[in-house]
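What follows is the residue order along each chain.
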Amino acid sequence: MTGRTYVVEEGNRLNNYAIEPKMYVDETQKFGFTEYAELLNGRLAMIGFVALIALEVLTGHGFIGWLTSL
C-alpha cells in the first residue's frame, strides 16, 4: 500500500484507511529567555507598577505602608 489510502480485498471489497498525519518536530524553545516570555514579563511588570501607583493614590500610603496596616 504505497501512496493509497484504500485496499481492495478479495471479492472486490473496498477497505478504506484513515490518512496518517505527517509527523514533525518543533525545534523552537518553549521556556527560558524567549522573546514571548520577555514580552509577557514586561507587560506584567507594567501592570504591577500601575497597580501600585493606583494603590498609593487611593489609600494615601505606599505599598510598604499598606502592608504594615494589615
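As shown above, the structure is provided for reference.
The following refers to the structure shown. Just so it is clear, the structure is predicted and the values come from calculations on it, not from any experiment.

### Points about the overall build of the protein
For step 1, the next point in the chain: Summing up its helical and strand segments, the protein has two helices and two strands in all.
For step 2, the next point in the chain: The order of helices and strands in the protein, counted from the N terminus, is β-β-α-α.
For step 3, the next point in the chain: Over its C-alpha atoms the protein spans a radius of gyration of 30 Å, topping by over 25% the 11 Å that the globule rule assigns to 70 residues.
For step 4, the next point in the chain: A total of 70 residues make up the protein; the buried ones form 1% of that total.
For step 5, the next point in the chain: As presented, the protein carries roughly 7000 Å² of accessible surface, and 63% of it is formed by carbon and sulfur atoms.
For step 6, the next point in the chain: Each charge class in the protein was averaged separately, 5 positive and 8 negative side chains, and the resulting centres sit 12 Å apart.

### Digging into a nonpolar patch on the surface
For step 1, the next point in the chain: On the surface, Leu-52, Phe-63, Ile-64, Trp-66, Leu-67 and Leu-70 cluster together into a nonpolar patch covering about 600 Å² of accessible area.
For step 2, the next point in the chain: The element contributing the most residues to the nonpolar patch is helix H2 (residues 63-68), with four residues.
For step 3, the next point in the chain: If you trace the backbone, Leu-70 turns up in the segment after H2.
For step 4, the next point in the chain: The exposure class of Leu-70 is exposed, given its relative accessible area of 71%.

### Some remarks on helix H1 (residues 35-59)
For step 1, the next point in the chain: Taking 1.5 Å as the rise per residue, H1 with 25 residues should run 36 Å; its terminal C-alpha atoms sit 36 Å apart, in good agreement.
For step 2, the next point in the chain: Positive backbone phi, approximately 85°, marks Gly-60, located one or two places after H1.

### Considering the environment of Lys-22
For step 1, the next point in the chain: Turning to its location among the elements, Lys-22 is positioned in the loop between strand E2 (14-16) and H1.
For step 2, the next point in the chain: Taking relative accessible area as the criterion, Lys-22 reaches 77% and is therefore assigned exposed.
For step 3, the next point in the chain: Linking Lys-22 and Phe-63, residues 41 residues apart in sequence, is a C-alpha distance of 54 Å.

Reading the values: the criteria
Residues numbered from 1 in each chain as written. Predicted model: local features only at pLDDT ≥ 70, side-chain atom pairs only at ≥ 80, totals over all residues. Heavy atoms only, no water. Helix = DSSP H or I, 4+ residues; strand = E, 2+ residues; numbered from the N terminus. Rg over C-alpha atoms; globule rule 2.2 N^0.38 Å. Buried < 20%, exposed > 50% of the residue type's maximum accessible area, 1.4 Å probe, protein only. Areas by Shrake-Rupley, 256 points an atom, 1.4 Å probe, with all protein chains shown as cover. Lys, Arg positive; Asp, Glu negative; His and termini not counted. Charge placed at Lys NZ, Arg CZ, Asp CG, Glu CD. Patch = residues over 30% accessible without salt bridge, like charges linked within 9 Å, V, L, I, M, F, W, Y side chains within 5 Å. Salt bridge = Lys/Arg side-chain N within 4 Å of Asp/Glu carboxyl O. Expected span 1.5 Å × (residues − 1).

Without other data, these values stay purely geometric and don't point to any function.
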